[in-house]
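# Structural overview
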There are 2 protein chains.
Amino acid sequence: MTPLVDQITIIGYGLIGSSIGRAVRARGLARHVTCADISPAVCARVREMDLADAATSDLAASVRTADLVILAIPVRSYAAVAKIIAPSLKVGAIVSDAGSVKESVFRDLTAHLPNHVHIVPAHPISGSEKTGPDAGFESLFEKRWCIITPDATTNALALTTVQQMWEGMGAMTAMMPPRQHDLTLAITSHLPHLIAYTIVATATDLGKDLESEVIKYSAGGFRDFTRIAASDPVMWRDIFLANKDAVLDMLQRFNEDLTALQKAIRSNDGDMLHDVFTRTRTIRQQIIDQGQADYRSASTASPHTPPAEVQRKSGQH
Amino acid sequence: MTPLVDQITIIGYGLIGSSIGRAVRARGLARHVTCADISPAVCARVREMDLADAATSDLAASVRTADLVILAIPVRSYAAVAKIIAPSLKVGAIVSDAGSVKESVFRDLTAHLPNHVHIVPAHPISGSEKTGPDAGFESLFEKRWCIITPDATTNALALTTVQQMWEGMGAMTAMMPPRQHDLTLAITSHLPHLIAYTIVATATDLGKDLESEVIKYSAGGFRDFTRIAASDPVMWRDIFLANKDAVLDMLQRFNEDLTALQKAIRSNDGDMLHDVFTRTRTIRQQIIDQGQADYRSASTASPHTPPAEVQRKSGQH
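Reading the values: rules and limits
Residues numbered from 1 in each chain as written. Chains lettered and ligands numbered in written order. Predicted model: local features only at pLDDT ≥ 70, side-chain atom pairs only at ≥ 80, totals over all residues. Heavy atoms only, no water. Buried < 20%, exposed > 50% of the residue type's maximum accessible area, 1.4 Å probe, protein only. Helix = DSSP H or I, 4+ residues; strand = E, 2+ residues; numbered from the N terminus. Pairing = 2+ DSSP bridges. Right-handed = clockwise from strand over helix to strand, strands pointing away. Least-squares fit on C-alpha atoms with pLDDT ≥ 70 in both. Contact = heavy atoms within 4.5 Å. Salt bridge = Lys/Arg side-chain N within 4 Å of Asp/Glu carboxyl O. Polar contact = N/O pair within 3.5 Å; in protein donor to acceptor, adjacent residues only side chain to side chain. Axes fitted to C-alpha atoms, helices over the stretch in contact; angles between N-to-C directions.

All names here are of chain B. Across the two faces of strand E4 (residues 68-71) the burial is the same, with Leu68 and Ile70 and Val69 and Leu71 all buried. The pairing of strand E1 (residues 5-11) with E4 spans 4 bridges and is classified as parallel. Considered in E4, the bridge of Ile10 is made with Ile70. Inspection of the sheet shows E4 paired to strand E5 (residues 94-97) by 4 bridges, in the parallel sense. Across the sheet, the residue bridging to Ile70 is Ser96, located in E5. Handedness of the E4-helix H4 (residues 78-85)-E5 crossover: right-handed.

Right, here's the structure in full:
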């Protein structure tokens, strides 16, 4: 593929950042990939594994010749990092990101970056509970959605470059306003994570004896929550604080629904339980039909293999 | 393997029942496997796929020569089925089950079965959101726990037979009182399912437009809940009603913890969030270390392949 830019600088080389780096290099989307990470240990590891053409902890220096800068760091660090890189960004540079909240991102970047750069926030809906440069892999974004949240002032050429970059990495792109993104993700991602963290904490608090049994018998449902609740603590702390209003709104709705089910159990209302459990069943099939049902990981992801659930489906039901 | 019994009758030939049938036949644990299912369509399918030596919808007839009867049906059907089979059970027959609640099971079976049979309740902690005889597979119970809940009156030989049957199918067995089982499962399985059903219902209720986006962007966490919330509605209605007190108790604890996190978000208490999210992370590793982290399905389960997460682990971190 013809490179879309000469130099891309990825700030934050964890699961997402290093996966972007891997994908950009493997597909030739940029002539030069620079890793910028405040952790010297991460930079050393990146050099050791040859995951970028250059690796530095000097964020300001890392963006000096960059055509495209992608922030792949916790969202509450954006303002601080924007301040650091602002004086070094060249005229016409594009600054994008991979953060899970978009209204606050846009606000923080706009406040601190110079007018001569183009801001194009983006969010790939893909991830894992794994962290660090070792956990990334080239196909993480394949067949996954990447939401781009431009506004009326967004430069069209910069938008196209970001879009092509994600599509070049195998993602499908969608555009929506930042507010709509934040509401959608509050229910599809942020609330599920909050619930998973809560239930794992509740179980752990039941004491050391029961905790051991919780682990032993986790195959009954609990273990699915533990995977989600193993996600990066700093990243998720930042998400909940940055998307506070939408998360609290969704939590309110969730609580109302949970209270209704609780009441049905208390009053032995089997019909109500059955109704809800039947409705929720159909949505799973829709997710399978849209090819978003498989859990993506380094050992299972491949562009040549359909998701496991799709393969299985044909032999069943 | 030398057969443990001459005839086993499995009542209810869905995911669990048909998996027991498959495992018992494949490993020669009984000389004769009888499928009993009130659905003639299921019996026809069982004959078509050759999943048992005999298949009938006449439950009473199915147990007449059975040495071991296993109920693999929703727990609130136990009393009705026990009444039907009671007059036909032979002296010394063992009646066991695979239900997810044990106090109510023991009560319902004891109330309706004759004194000349041995009741040994059991619960394999293994399952899937799939249902029906086609969804079962021989290795479903391999390396999974099966909890057996005897009491002071349980016949030792009958207990050993049930234990050997499950171990013969590849399961690990544990013994505990019915009450302890019900409390443990309330937190490891029943509450997670209730929460998953709730959040999927909440998201669905957000309206048709958002629903479509909910599916599109479900890879952010939501889809893990949809798998659980696709579980059998009748089975789960029965579980919540049969284990009502324990589920409501765990739900109360969960609500307290959720309220605390909600308050932390509202008051921007990032330290509290970070603390909880860090604690919950460690439990995942313990589940991986105990080999219970993989999602078992017909296409991935194999006695010769270690769980995917275990394989992956060695290459990361």
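The transformation that overlays chain A on chain B combines an axial shift of 0.0 Å with a rotation of 180°, and the residual RMSD is 0.0 Å. The superposition operator between the copies reduces to a two-fold rotation axis. Considering only C-alpha atoms, the part of chain A nearest the rotation axis is Asp224 of chain A, at 3.4 Å. A shared binding surface is used by both copies, with 100% of the interface residues of chain A retained as interface residues in chain B.

Moving on, we get to the interface of chain A and chain B. Residue-level contacts link 103 residues of chain A with 103 residues of chain B. Counting every contact that joins chain A to chain B gives 4 salt bridges. Ionic pairing is found between Asp205 of chain B and Arg279 of chain A, a salt bridge with its closest N-O pair at 3.1 Å. Taken together, the links from chain A to chain B amount to 28 residue pairs in polar contact (both at pLDDT 80 or more).

Let's shift gears to the environment of Ile199 of chain B. Looking at the secondary structure, you find Ile199 of chain B in helix H7 (residues 178-205). Take Ile199 of chain B: its relative accessible area is 0%, and that puts it in the buried class. Along the backbone, Ile199 of chain B and Ala229 of chain B are 30 residues apart, and their C-alpha atoms lie at a distance of 8.8 Å. Once residues within four sequence positions are removed from consideration, Ile199 of chain B is found in contact with Leu191, Pro192, Ile195 and Phe254 of chain A together with Phe222 and Phe225 of chain B.

To continue, consider the side chain of Asp108 of chain A. Structurally, Asp108 of chain A can be placed in helix H5 (residues 103-112). Look past the residues within four positions of Asp108 of chain A in its chain and what remains in contact with it is Val75, Tyr78 and Ala79 of chain A.

Residue and element names in this part refer to chain A. Pairing is parallel in the open sheet, where 6 strands are placed in the order E3-E2-E1-E4-E5-E6. Either end of the sheet is taken by a strand with one partner, and the two such strands are strand E3 (54-56) and strand E6 (118-120). Across this sheet, the average inter-strand angle for adjacent strands is 20°, counted without regard to direction. Here 3 bridges tie strand E5 (residues 94-97) to E6, and the two strands are oriented parallel to one another. Directly across from Ser96, in E6, lies its bridge partner Val120.

Now for the sheet that holds strand E8 (residues 145-148) of chain B. Residues and elements named next belong to chain B. Strand order in the open sheet made by the 3 strands is E7-E8-E9, with mixed pairing throughout. Each edge of the sheet is formed by a strand with only one pairing partner; in this case those strands are strand E7 (122-124) and strand E9 (172-175). Averaged over all adjacent pairs, the angle separating strand axes in this sheet is 20°, with direction ignored. Judged from the 4 bridges that link them, E8 and E9 form a sheet pairing that is parallel. Counted as the bridge partner of Ile147 is Ala174 from E9. Along the sheet, helix H6 (residues 156-168) contacts E7, E8 and E9; its crossing angle with E9, the most-contacted strand, is approximately 145°.

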